[in-house]
Protein chains: 2
Amino acid sequence: MLRSMEQDLHATVAGHLRRYDQRYTNGRRALVEILAAAGRPVTIAEVLAGGAVPAQSTAYRNLSVLVQAGVVRKVFGGDDLTRFELAEELTEHHHHMVCVNCGSIEDFTVPNRLEQSLDKLFGQVSETTGFRPQGHRLDVIGTCGNCG
Amino acid sequence: MLRSMEQDLHATVAGHLRRYDQRYTNGRRALVEILAAAGRPVTIAEVLAGGAVPAQSTAYRNLSVLVQAGVVRKVFGGDDLTRFELAEELTEHHHHMVCVNCGSIEDFTVPNRLEQSLDKLFGQVSETTGFRPQGHRLDVIGTCGNCG
DNA sequence: AATTATAATAAGAACGATTCTCAAAGCAAG
DNA sequence: CTTGCTTTGAGAATCGTTCTTATTATAATT
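Residues numbered from 1 in each chain as written. Chains lettered and ligands numbered in written order. Predicted model: local features only at pLDDT ≥ 70, side-chain atom pairs only at ≥ 80, totals over all residues. Heavy atoms only, no water.

Draft legend 1. Examining the protein's contact with DNA strand D more closely. DNA strand D sits among 17 residues. The nearest are A:Gln22, A:Thr25, A:Arg61, B:Tyr60 and B:Thr82. Near the protein, within 4 Å, the atoms of DNA strand D are sugar or phosphate in 65% of cases. Here a base nitrogen of DNA strand D sits 3.0 Å away from a polar atom, N or O, in the side chain of A:Ser57. A:Thr58 is positioned with one of its side-chain polar atoms (N or O) 3.3 Å from a phosphate oxygen of DNA strand D. The element that contributes the greatest number of residues to the surface near DNA strand D is helix α4 (residues 56-68) of chain A, accounting for 4 residues. (Near = heavy atom within 4 Å. Polar contact = N/O pair within 3.5 Å; in protein donor to acceptor, adjacent residues only side chain to side chain. Helix = DSSP H or I, 4+ residues; strand = E, 2+ residues; numbered from the N terminus.)

Draft legend 2. Layout of helix α2 (residues 26-38) of chain B. Along its 13 residues, α2(B) runs 18 Å from first to last C-alpha, staying within 8% of the 18 Å computed at 1.5 Å per residue. Buried residues of α2(B): B:Arg28, B:Ala30, B:Leu31, B:Val32 and B:Leu35, and no others. (Expected span 1.5 Å × (residues − 1). Buried < 20%, exposed > 50% of the residue type's maximum accessible area, 1.4 Å probe, protein only.)

Draft legend 3. Up close: the interface of chain A and chain B. Every contact between the two is made by 36 residues of chain A and, on the other side, 36 residues of chain B. Counting each side, the surface lost to burial between chain A and chain B is near 3100 Å², with a carbon and sulfur contribution of 66%. Of all residues in chain A, the largest losses of buried area upon contact with chain B belong to A:Phe76, A:Phe131 and A:Arg137, amounting jointly to 22% of the total for that side. In this structure, A:Arg137 and B:Asp139 form a salt bridge, with 2.9 Å as the shortest nitrogen-oxygen distance. On inspection of chain A and its partner chain B, the count reaches 8 residue pairs in polar contact (both at pLDDT 80 or more). Elements represented by at least two residues in the side of chain A that touches chain B include exactly β4 (95-99), α5 (112-128) and β6 (132-143) of chain A. The element that contributes the greatest number of residues to the side of chain A that touches chain B is β6(A), accounting for 12 residues. (Contact = heavy atoms within 4.5 Å. Buried area = accessible area lost by both parts, 1.4 Å probe. Salt bridge = Lys/Arg side-chain N within 4 Å of Asp/Glu carboxyl O.)

Draft legend 4. Summary view of the pairing of strand β6 (residues 132-143) of chain B. Relative to β6(B), β6(A) runs antiparallel, the two being bridged by 11 bridges. In the sheet register, A:Leu138 faces β6(B), and the bridge partner there is B:Leu138. Inspection of the sheet shows strand β4 (residues 95-99) of chain B paired to β6(B) by 4 bridges, in the parallel sense. Each residue of the ladder has a partner; that of B:Val98, found in β6(B), is B:Ile141. (Pairing = 2+ DSSP bridges.)

Draft legend 5. Fine view of the sheet that holds strand β1 (residues 42-43) of chain B. Residue and element names in this part refer to chain B. Spatial ordering of the open sheet is given by β1-β3-β2, a layout of 3 strands whose pairing is antiparallel. Looking at which strands have only one partner, the edges of the open sheet turn out to be β1 and β2 (72-75). Direction of pairing for β1 relative to strand β3 (residues 83-86): antiparallel, over a ladder of 2 bridges. In the strand pairing of β3, Val42 is matched with Phe84. The strands touched by α2 within the sheet are β1, β2 and β3, with β3 carrying the most contacts at an inclination of about 90°. Against the sheet, helix α4 (residues 56-68) makes contact with β2 and β3, and its axis sits at roughly 110° relative to β2, the strand it touches most. (Axes fitted to C-alpha atoms, helices over the stretch in contact; angles between N-to-C directions.)

Draft legend 6. Local environment of the state of the cysteines. Counting across every chain of the model gives 0 disulfides over all chains. In this model A:Cys99 remains outside any disulfide bridge; the closest cysteine sulfur is found in A:Cys102, 3.7 Å from its own. The thiol of B:Cys147 is not disulfide-bonded; the next cysteine sulfur, from B:Cys102, is found 3.7 Å away. (Disulfide = S-S within 2.5 Å.)

Draft legend 7. Structural detail: the relation of the copies chain A and chain B. For these two chains of identical sequence, chain A goes onto chain B by a turn of 179° and a shift of 0.0 Å along the axis, with RMSD 0.1 Å. In short, the pair behaves as if placed about a two-fold rotation axis. Relative to the rotation axis, the closest C-alpha in chain A is found at A:Leu138, a distance of 2.2 Å. Most of the interface of chain A is mirrored in chain B, where 100% of its interface residues again form contacts. (Least-squares fit on C-alpha atoms with pLDDT ≥ 70 in both.)

Draft legend 8. Broad picture of the protein's contact with DNA strand C. Close contacts around DNA strand C come from 18 residues, with A:Tyr60, A:Thr82, B:Gln22, B:Thr25 and B:Arg28 the closest. Within 4 Å of the protein, the atoms of DNA strand C are drawn from sugar and phosphate moieties in a proportion of 66%. A distance of 3.1 Å separates a sugar or linking oxygen of DNA strand C from a polar atom in the side chain of B:Arg23. At 3.0 Å, a side-chain N or O of B:Asn62 approaches a phosphate oxygen of DNA strand C. Those elements that provide at least two residues to the surface near DNA strand C are α4 of chain A together with α2 and α4 of chain B. In terms of residue count, α4(B) provides more of the surface near DNA strand C than any other element does, 4 residues in total. Residue composition of the surface near DNA strand C, by class: 4 nonpolar, 9 polar and 5 charged. (Nonpolar A, V, L, I, M, F, W, Y, C, P; charged D, E, K, R; others polar.)

Here it is as structure tokens:
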């Protein structure tokens, strides 16, 4: 079960990369596994701390490739460090709790009812303005359990 | 009318700064006026482009002071540039349309009904996790009128 | 007004996260 | 196994941001 989910994940990633003429190398696979295991947005420092990704420059470059391929998403917000997470296509639509004190970010989800309200609203926004919505980002700002 | 609103604005800012033993200098007043006039989050480059704020280092320092005093808020999200806007106390609770293409950010507001749903939800979040919500951030991601 | 103490400014140096360069290593196809 | 092309890794370069420091402005006090 766990194994088949992982197979799906890697197959999907490989497909996305192929579409961009990019190979799914061991290094890139390691990155995807780190992000999948984390379950929350991680910094470059956290990626490197595991030891599975040896070179910082490669980590940045490959994350950038994965972002372009639509597999990974950049997350800003807590502090001045960029964080990375798997794209929602590979996880689930979710949101972030951002700690104003330490900058850490955790995931959470909201009821479908509310998500639907939001989507409806954004449809209206697109009618009013020239803006074309593709998705949304809902973060709760506050202090995390460690800092509170 | 416009004039009295501006007086209120500056009086409020001055009060906040005083509480932090900070002066409301001409340079800081210029910053506040730029942010108030913009009506959307602006980058340092945009702040300097006006010419009213001569030194980049001073702009950064003063914006940082204003952030600490609770007068200004940092906004991340579009590209890798930090943007600044007046704190909600001085404007109104609002949200952002973030262009994935050019990084520009525009303001918008949502119906009270929905805001209340969000606030209720975050109360529940705080009960479930150790996280203490202070506020939220709701951004629409998409392409702006210029880029779409 | 002059004095003094403290805070703010401006220019550039320093810093740090991210990106770029390029030689070496890896991989796929003939 | 070559040949051609991609990826890797180490470090240099870049660029947004912060820090340092000498100078200038401000406020308070005589």
